[in-house]
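Residue-level structural notes
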Amino acid sequence: MPILTREPAGEHPAAREAIFANRLLADAAFEGTSRDTGRHGPQGARLSLLETCANPGCGSGWLHLWRSRSAPVFEGGWNCSAACTGARVAAAVRRELDGRGRAPESHRHRIPLGLMMLEQGWITSAQLRKGLEAQKQAGGGRLGHWLVRQQGVSEQLVTRALGLQWSCPVLPMEFHDAEALTVLLPRLFVDAFGALPLRVAAGKLLYLGFEDCLDPVLALAVERMTGLRVESGLVEGSRFRPAHTRMLSARFPPVELIEAASEQAAVLALSKAIERTRPVEAQLVRVHDCLWLRMWLRAPAEPLPEAGSVHDLIGSIGAC
Ligand SMILES: [Zn+2]
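We now turn to the structure provided with this report. Just so we're clear, the structure is a prediction, and the values are computed from it rather than from any experiment. (Residues numbered from 1 in each chain as written. Predicted model: local features only at pLDDT ≥ 70, side-chain atom pairs only at ≥ 80, totals over all residues. Heavy atoms only, no water.)

1. Side note on the overall build of the protein chain
Put simply, the test is: A run of H or I in DSSP counts as a helix once it spans at least four residues, and a run of E counts as a strand once it spans at least two, with each numbered from the N terminus. Exposure is judged per residue with a 1.4 Å probe applied to protein chains only, and the accessible area is read against the type maximum: over 50% gives exposed, under 20% gives buried, and values in between give partly exposed. We call two residues in contact whenever any of their non-hydrogen atoms come within 4.5 Å of each other. To be clear on the numbers: accessible area is Shrake-Rupley with a 1.4 Å probe, and residue cover counts the displayed protein chains and nothing else.
Along its length, the protein chain carries 11 helices and nine strands. Of all 320 residues assigned to the protein chain, the portion counted as buried reaches 48%. Across the protein chain, contacts joining residues at least 24 apart in sequence account for 63% of those joining residues at least 6 apart. When the accessible area of the protein chain is evaluated, it comes to approximately 16700 Å², of which 55% is carbon and sulfur surface.

2. Some remarks on the nonpolar core
Keep this limit in mind: By nonpolar core we mean a set of buried residues, namely Ala, Val, Leu, Ile, Met, Phe, Trp, Tyr and Cys, connected to one another through side-chain atoms within 4.5 Å.
In this structure, Met 117, Leu 185, Phe 189, Leu 218 and Trp 292 are the most contacted members of the largest nonpolar core, which totals 55 residues. Residues Val 93, Ile 258, Val 267 and Met 295 belong to the second largest nonpolar core, which totals 19 residues.

3. Overview of the environment of Met 247
Here Met 247 shows up in helix α10 (residues 237-248). Residue classification places Met 247 among the buried positions, given a relative accessible area of 0%. Sequence separation between Met 247 and Arg 187 is 60 residues, and the spatial gap between their C-alpha atoms is 8.5 Å. Excluding anything up to four places from it in sequence, Met 247 contacts His 176, Ala 178, Leu 181, Thr 182, Val 190, Leu 196, Pro 197 and Phe 252.

4. What about the sheet that holds strand β3 (residues 195-201)?
Rules: One requirement defines pairing of two strands: DSSP has to find at least two bridges between them. Orientation is described by axes fitted as lines to C-alpha atoms, over the contacting stretch for helices, and by angles from 0 to 180 degrees between their N-to-C directions.
Pairing in this open sheet of three strands is mixed, and the strands run β3-β4-β5 from one edge to the other. In this open sheet, the two edge strands, each paired with only one partner strand, are β3 and β5 (229-234). Looking at each pair of strands side by side, their axes are set apart by 25° on average, direction ignored. Seen against the sheet, α10 touches β3 and β4 (205-210) and runs at an angle of roughly 90° to β3.

5. Focus on the coordination of the zinc ion
To be explicit about the condition: Only nitrogen, oxygen and sulfur atoms within 2.8 Å of the metal, or 3.2 Å for Na, K and Ca, are treated as donors, and water is left out, so sites may look incomplete. Angle rules define the geometry names used: all angles between 85 and 135 degrees makes four donors tetrahedral, while opposite donors over 155 degrees apart and all other angles between 65 and 115 make four donors square planar and six octahedral, leaving every other case irregular.
Binding of the zinc ion to the protein goes through Cys 53 (SG), Cys 58 (SG), Cys 80 (SG) and Cys 84 (SG), at separations of 2.3 Å. Classification of the site at the zinc ion as tetrahedral follows from its four donor atoms and the range of 104 to 115° in their angles at the metal. When the donor residues of the zinc ion are listed from N- to C-terminus, their spacing reads C-x4-C-x21-C-x3-C. Taken together, the residues Cys 58 in the loop between α1 (13-33) and β1 (73-74) and Cys 84 in helix α2 (residues 82-98) connect sequence positions 26 residues apart.

6. A look at the pairing of strand β7 (residues 281-287)
Among the seven residues of β7, seven are classified as buried, and the element is accordingly described as predominantly covered. The alternating pattern of β7 places Glu 281, Gln 283, Val 285 and Val 287 and Ala 282, Leu 284 and Arg 286 on opposite faces, both of which are buried. Bridge count for β7 against strand β8 (residues 290-296) is seven bridges, and the pairing is antiparallel. Its bridge partner being in β8, Glu 281 is matched across the sheet by Trp 296. Counted along the chain from β7 to the antiparallel partner β8, the turn is two residues long, and its residue His 288 has a positive phi close to 55°.

7. Structural notes on helix α11 (residues 263-277)
Let me state the cut-off plainly: Under the convention used throughout, the expected extent of a helix is 1.5 Å for every residue step, that is, one less than its residue count.
Compared with an ideal rise of 1.5 Å per residue, which puts 15 residues at 21 Å, α11 spans 21 Å between its outermost C-alpha atoms and is within 8% of the ideal. Looking only at α11, the buried set comprises Ala 266, Val 267, Leu 270, Ser 271, Ala 273, Ile 274 and Glu 275. On its buried face, α11 sits against β1, α2, β6 (255-260), β7, β8 and β9 (310-317). Positive backbone phi, at 50°, marks Arg 278, one or two positions downstream of α11.

8. Examining α10
Short version of the rule: As used here, the arc is the angular range of directions from the helix axis to the C-beta atoms.
Taking 1.5 Å of rise per residue, 12 residues should cover 16 Å, and α10 covers 16 Å from first to last C-alpha, within 8% of that figure. Along α10, the residues that are buried comprise Gly 237, Phe 240, Ala 243, His 244, Met 247 and Leu 248. The arc that holds every buried residue of α10, seen down its axis, measures 140°, which confines them to one face. Close packing links the buried residues of α10 with α6 (155-166), α7 (178-181), α8 (187-192), β3 and β4.

9. Concerning the layout of surface pockets
So the rule is basically this: Grid spacing is 1 Å over the protein atoms alone, the probe is 1.4 Å, and a cavity is where that probe fits but cannot get out, while a pocket is an open set with protein on both sides within 12 Å along at least five of seven lines and lining residues have an atom within 4 Å of a point. Grid points are joined across faces, edges and corners, and a volume is the space filled by probe spheres set on the points. Throughout this entry, Asp, Glu, Lys and Arg are counted as charged residues, while Ala, Val, Leu, Ile, Met, Phe, Trp, Tyr, Cys and Pro are counted as nonpolar. The remaining residues, Gly among them, count as polar. Here the limits of each domain have been adopted from an automatic or database domain assignment.
In this structure, the largest pocket encloses a volume near 380 Å³. The wall of the largest pocket is formed by 20 residues, among which Arg 142, Gly 144, His 145, Val 158 and Leu 162 lie closest to the centre. Of all the elements in the fold, those that place two or more residues in the lining of the largest pocket are α5 (143-151), α6 and α10. Of the residues forming the lining of the largest pocket, the biggest block, six residues, is contributed by α6. Of the residues belonging to the lining of the largest pocket, the class tally is seven nonpolar, six polar and seven charged. Domain assignment of the residues forming the lining of the largest pocket places at least three in each of domain 2 (113-166) and domain 3 (168-252).

None of this, on its own, says anything about what the molecule does.
Next comes the structure, spelled out in structure tokens:
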């Protein structure tokens with residue numbers, strides 16, 4: 001004798017309700033709530049007719065279906081209440097802070113620049129010795145700088161050697177439209193991490209230039225935030241510096257800086273900003289010790305959002 005008899009699916013009212021609920025969940029997943037959080041971009045931030053709250057711990061049951069909230073959306077999922085926004089932001093902050101130290105930080109051993117240039121036959125041992133002496137006397141500075149300035153070594157060769165050292169390309173710097181690229185990342189990151197967005201190719205690939213050392217953490221963050229593949233490379237200093245200075249004086253999207261005393265305080269400040277701004281999409285990534293929240297105020301144009309349609313928030317926790 002069967003201990004448990006099952007009603008055929010669809011016959012029992014509870015079963016019908018379960019099927020309805022599953023369908024809603026499946027719709028929500030399809031619409032983007034279960035998208036991989038590793039790599040995003042604002043694409044796909046659409047809402048279905050009956051949106052399901054993206055907070056897995058949401059306690060509002062089916063009530064929220066009658067709530068007239070189409071925003072805010074955070075990481076592809078709609079949040080039915082301020083409490084649910086807070087819960088999802090808390091999970092995202094935890095995810096980002098847990099990833100600290102595991103990101104591809106650049107501690108791998110590299111052959112010293114001078115030695116590499118000597119091996120390539122690009123400098124003589126006398127030039128290297130004098131360059132190192134000048135560096136020592138000046139109490140620092142980059143060896144490449146002294147080789148170019150004092151020993152008449154070509155800047156092109158120094159950049160090529162740096163490219164070999166970092167196993168990255170040397171990127172050309174032709175026409176640079178700084179104004180058009182300011183929507184890619186906040187001014188603070190361009191300034192603090194010495195990064196220079198060079199151009200977007202085919203709407204898919206972003207060339208990110210650096211003067212003498214790459215920043216893989218920043219590159220990964222920009223990749224996740226924009227949905228563009230980021231190709232990092234070096235740019236000759238004499239071309240990089242004026243373009244970098246010009247870029248810093250261009251107009252960037254509005255940014256709000258917050259210093260939070262604790263992780264909880266950061267979650268609260270970020271959630272409040274999302275509730276206040278009611279973005280159609282928002283995404284959180286970590287850049288070194290900063291949390292970068294980007295909010296899209298309207299559906300983004302492809303491949304780059306329009307200036308004025310994004311709002312950034314950069315948060316640091318404790319003594320960061
Ligand atoms: Zn909810």
